[in-house]
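Topology and contacts: notes
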Amino acid sequence: MSEPLLKIRDLSVHFRTSHGIAQVLRNVSLDLGRGRAVGVVGESGSGKSTLAASLLRLLPANLALLDGTIELDGRNLLDLPAAETMALRGTRFAMIFQDPMTALNPVFTIGNQLVELQRAKRPTASKAELRERAVQMLARVGIADPIRRLEQYPHEFSGGMRQRVMIAAALLTDADLLIADEPTTALDPTIEAQIVALMRTLHDEIGGTLLLISHSLGLISQLCDDVVVLYAGTVVETGPMAELFRNPLHPYTRALIACEIADDVTRGDKLASIPGEVPDVTRLPPGCIFANRCPDVVPACREAVPELRAFGPDRRAACSRI
Amino acid sequence: MQPDLVQIQDATVAFGRVKAVDAASLAIQPGETVGLIGESGSGKSTLARLLVDLVRPSAGQVRFDGRDLATLDGPARRAYRRDAQMIFQDPVASLSPRMTIGRLLAEPLQIHGLDRAQAWPGVLELLRRVGLPETVLGKYPHQVSGGQARRVGIARALVLRPRLVVADEPTAGLDVSVQGDLVNLMTELQRDFGLTYLLVSHNLNVVRAMADRFAVMYLGQLIEVGPAQTIFTAPAHPYTQALIAATPRLDPDRTQSHTLLAGEIPNPNDLPPGCRFQTRCPLADAHCRAVEPPETLLGDGRTVRCHKPLV
């Protein structure tokens, strides 16, 4: 594989809360390969949204620790001054948010917003030129009559349309890395399927790097080349999508896959679940973070945090029992 | 065959010019689970609310145990309100933040004038059955986990020992690792308490694990109703087919076929002429665009509203 676009090493992010210090991410290391679609799977409390927020440096004020490195073009982003990290947003990094209604400004027309967000990268371009790019991008994401639509406000679009506008906005920045945080959860299934197909086509055509954050294994399997499994703030497994889902190594990944409702399930069939609860990250247990829910746990698991070890060229898992 | 517990007959619920439910008919047998599926704005929550008397039909009837709800007098209506309970989508939002879980569970008894001391052992038993420790009784809804709050919502719905439970998106927003537990619990409770369920969801996988029959809604109309297994393996309405195909599944080999729908759901204020699905239907022709399809009974017992059913 060529040099990855982004190298994250030992990223730790802690927050101050009323219950103590929440160690939301701990020693996260991963590579985002150029042109790859990387899926981050995680349930609530896994730290998946904090990971996205760390890349964009959109961390809340109760940040207690930000440690490790995020390397882009040989520079550690965490060492850059605030103004420089801000300059990366909308030029190198773009984000598709979960809820397009709150991400789009309700008092400006779509056209106005789609033109302005291109300014950072094209400061000298004429307004007419930027409008023309916006029209073309709206047409590409499947919005009919884009010239008229540019004059409309976000509330005049349906939920599926707004999500398309968000995707168009993110693509208009020509960013190297597109981060999508649960981009389809607010959408109905038939509209979600349209958006997923659209994202896949555009990713194939444009060839940027996509970081897709989702709790849906189905969505990740349809869109991603590589998968990162996060559990309670730490990477438990990474690997190429098909390999990881066909042959999961970590007990958490295996348990999560078993929770998927198979096609042959019918009424009254007992469904799988993972007993127990996600540990409180303000009071971390010693040893493996999954030990209290793991079916394969042995006493040694509760003593030391397992390292993320390599299993073959592209696979890694953090379990001492594999 | 037993008499139906619930019969909705040509029920319409109009909000201004919009008919959220438009001449819908659906019967539910005692002990059965009907899964009501549809996208947001299809009217599924309004139809569900008809069954618990939270909305009333502007035309048509809702019958419970053979009696038209519109004709129930005071005591009969109270009795019916005990018999039909609802589990709300967001348990934390639907439970008062100022009451402890103990008080929340006692409140239905009080409203219905039941003796608390006499009923309380049953409440504690119910608490145990839904898998909650007695220590939650002194806590407030926001102090328990999302999965526990759902269980409180279920226990509260069952305190009065209802016959019909309407569950609106009971697993929405839950992590997959706990979703299975909740579905299993609801299945067990149905068996133990002889419950009849109307399950409202847009998650087809969860509905499939629970329902005997599916009822599919689109823009206020029931467009396909029949046995769950039959509909899931061979949908008759093109919309049902698209909905099944669109349900994301874990598919590392990427073998899932994608019959994608084009277009968006029409505005309910401005319905197209003819079939309501014609703007997105791959099979629509001139007839579909002009004439609204009637509800048709197919040979296998299901009803479908389509000029060109797939089976």
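Before going into details, it helps to say that this report is about the structure given with it.

**Structural notes on the environment of A:Arg16**
Residues and elements named next belong to chain A. Inspection of the secondary structure puts Arg16 in strand E1 (residues 6-17). Between the alpha carbons of Arg16 and Arg302 there is a distance of 26 Å; along the sequence they are 286 residues apart. Arg16 has contacts with Ile21, Ala61, Asn62, Leu63 and Ala64, leaving out every residue within four places of it along the chain. A distance of 3.5 Å separates the side chain of Arg16 from the backbone oxygen of Leu63, its partner in a polar contact.

**Observations regarding the state of the cysteines**
All names here are of chain A. Enumeration over the complete set of coordinates arrives at zero disulfides over all chains. Sulfur of Cys259: no disulfide; nearest cysteine sulfur belongs to Cys294 and is 14 Å away. Here Cys259 falls in the buried class, since its relative accessible area comes to 4%. In this structure Cys301 is a free cysteine whose sulfur lies 6.2 Å from that of Cys288, the closest cysteine sulfur available. On the accessibility criterion, Cys301 (9% relative accessible area) is buried.

**So, the sheet that holds strand E6 (residues 84-87) of chain B**
Residues and elements named next belong to chain B. With mixed pairing, eight strands are arranged side by side in an open sheet as E6-E7-E8-E3-E9-E10-E12-E11. Looking along the sheet, the strands with just one partner apiece sit at the ends: E6 and strand E11 (296-297). Relative to strand E9 (residues 213-218), strand E3 (residues 33-37) runs parallel, the two being bridged by four bridges. When the bridges of E9 are listed, Val34 appears paired with Arg213. In this fold helix H1 (residues 44-51) packs onto E3, E6, strand E7 (164-168), strand E8 (196-201), E9 and strand E10 (221-227), with an angle of close to 160° to the strand it touches most, E8. Packed on one face of the sheet, helix H7 (residues 176-193) meets E3, E6, E7 and E8 and runs near 160° to E8.

**Side note on the sheet that holds strand E4 (residues 63-72) of chain A**
Residues and elements named next belong to chain A. Here we have four strands laid out as an open sheet, ordered E2-E1-E4-E5, and antiparallel in their pairing. Each end of this open sheet is capped by a strand with a single partner; those strands are strand E2 (20-32) and strand E5 (75-76). Judged from the two bridges that link them, E4 and E5 form a sheet pairing that is antiparallel. Looking across to E5, one finds that Leu72 is bridged to Arg75. Those strands touched by helix H1 (residues 48-56) are E1, E2 and E4, and its axis lies near 110° from that of E1.

**Here we look at the interface of chain B and chain A**
How large an interface is tends to be reported as the accessible area lost when its parts come together. Facing the 46 residues of chain B at the interface are 46 residues of chain A. Both faces considered, chain B and chain A share a buried interface measuring about 3800 Å² in area, 49% of it formed by carbon and sulfur atoms. Remark: the boundary between chain B and chain A carries three salt bridges. Across the pair B:Arg249 and A:Asp263 runs a salt bridge, and its minimum N-O distance is 3.6 Å. Where chain B touches chain A, the interface holds 21 residue pairs in polar contact (both at pLDDT 80 or more). Elements represented by at least two residues in the side of chain B that touches chain A include exactly H7, helix H8 (204-210), helix H9 (228-233) and helix H10 (238-246) of chain B. Of the residues forming the side of chain B that touches chain A, the biggest block, ten residues, is contributed by H7(B). Looking at the side of chain B that touches chain A, its residues break down into 18 nonpolar, 16 polar and twelve charged.

**Here's the deal with the pairing of strand E4 (residues 59-64) of chain B**
Residues and elements named next belong to chain B. Here strand E1 (residues 6-15) runs beside E4; their pairing, made up of five bridges, is antiparallel. Across the sheet, Ile8 pairs through a bridge with Val62, a residue of E4. Where E4 meets strand E5 (residues 67-68), two bridges bridge the pair, whose relative direction is antiparallel. Considered in E5, the bridge of Arg63 is made with Asp68. The antiparallel hairpin formed by E4 and E5 contains two residues in its connecting segment, where Asp65 sits at a positive phi of about 55°.

**Focus: the side chain of A:Thr173**
Residue and element names in this part refer to chain A. Locating Thr173 in the fold gives a position in the loop between helix H7 (159-172) and strand E7 (177-181). Side-chain polar atoms of Thr173 contact the backbone oxygen of Ala170, separated by 2.5 Å. Apart from residues lying up to four places away in sequence, Thr173 is in contact with Gly90, Thr91, Ala94, Leu117 and Lys121.

**Focus on the packing of aromatic side chains**
Throughout the structure, instances matching the rule amount to seven aromatic pairs over all chains. A ring pair is formed by A:Tyr252 and A:Phe290, whose centres lie 5.3 Å apart and whose planes are at 65°; its orientation type is edge-to-face. You can see A:Tyr252 sitting in helix H11 (residues 251-258) and its partner A:Phe290 sitting in the loop between H11 and strand E11 (309-310), a full 38 residues away along the chain. Since its relative accessible area comes to 1%, A:Phe290 is described here as buried. Directly above the ring of B:Phe232 sits B:Arg208, whose terminal nitrogen or CZ lies 4.3 Å from the centroid.

**Here we look at the layout of surface pockets**
Empty space within the second largest pocket amounts to approximately 700 Å³. For the lining of the second largest pocket, the secondary structure elements donating two or more residues are E2 of chain A together with helix H6 (146-158) and H7 of chain B. For the lining of the second largest pocket, a count of residues per class yields ten nonpolar, 14 polar and seven charged.

About the thresholds
- Within any chain, residue numbers begin from 1 and follow the written order of that chain's sequence.
- Going through the entries in the order they are written, you letter the chains from A and number the ligands from 1.
- Local features in this predicted model are restricted to residues whose pLDDT is 70 or higher, and side-chain atom pairs enter the listing and the counts only when it is 80 or higher, whereas totals over whole chains, interfaces and linings include all residues.
- Only hydrogens and water are set aside when side-chain values are computed; all heavy atoms of the structure are taken into account.
- Elements are defined by DSSP. Helices are runs of H or I of four residues or more, strands are runs of E of two residues or more, and each kind is numbered from the N terminus.
- Any two residues having at least one pair of non-hydrogen atoms within 4.5 Å are treated as being in contact.
- In protein, a polar contact requires one atom able to donate a hydrogen and another able to accept it; more generally it is a pair of N or O atoms within 3.5 Å, and residues adjacent in sequence count only if both atoms are side-chain atoms.
- The definition used for a disulfide is geometric: two cysteine sulfur atoms within 2.5 Å.
- Burial here depends on accessible area, computed with a 1.4 Å probe over protein chains only, as a share of the maximum for the residue type. Under 20% is buried, over 50% is exposed, and the range in between is partly exposed.
- Two strands form a pair only when DSSP identifies at least two bridges running between them.
- Comment: axis = line fitted to C-alpha atoms, over the contacting stretch for helices; angle = value between 0 and 180 degrees taken between N-to-C directions.
- Two parts placed together each lose some accessible area under a 1.4 Å probe, and adding up what both lose gives the buried area.
- Any carboxyl oxygen of Asp or Glu that lies within 4 Å of a side-chain nitrogen of Lys or Arg is treated as forming a salt bridge with it.
- Classification used: nonpolar for Ala, Val, Leu, Ile, Met, Phe, Trp, Tyr, Cys and Pro, charged for Asp, Glu, Lys and Arg, polar for all others including Gly.
- We call Phe, Tyr and Trp rings a pair once their centres come within 6.5 Å, taking the six-membered ring for Trp, and we label the pair stacked below 30 degrees between planes, edge-to-face above 60, and tilted otherwise.
- Placement of a positive charge over a ring is assigned whenever Lys NZ or Arg CZ falls within 6 Å of the ring centre and within 35 degrees of the normal to the ring plane.
- Cavity means a closed set of points on a 1 Å grid over the protein atoms alone, one where a 1.4 Å probe fits but cannot get out, pocket means an open set with protein on both sides within 12 Å along at least 5 of 7 lines, and lining means a residue has an atom within 4 Å of a point.
- Grid points are joined across faces, edges and corners, and a volume is the space filled by probe spheres set on the points.

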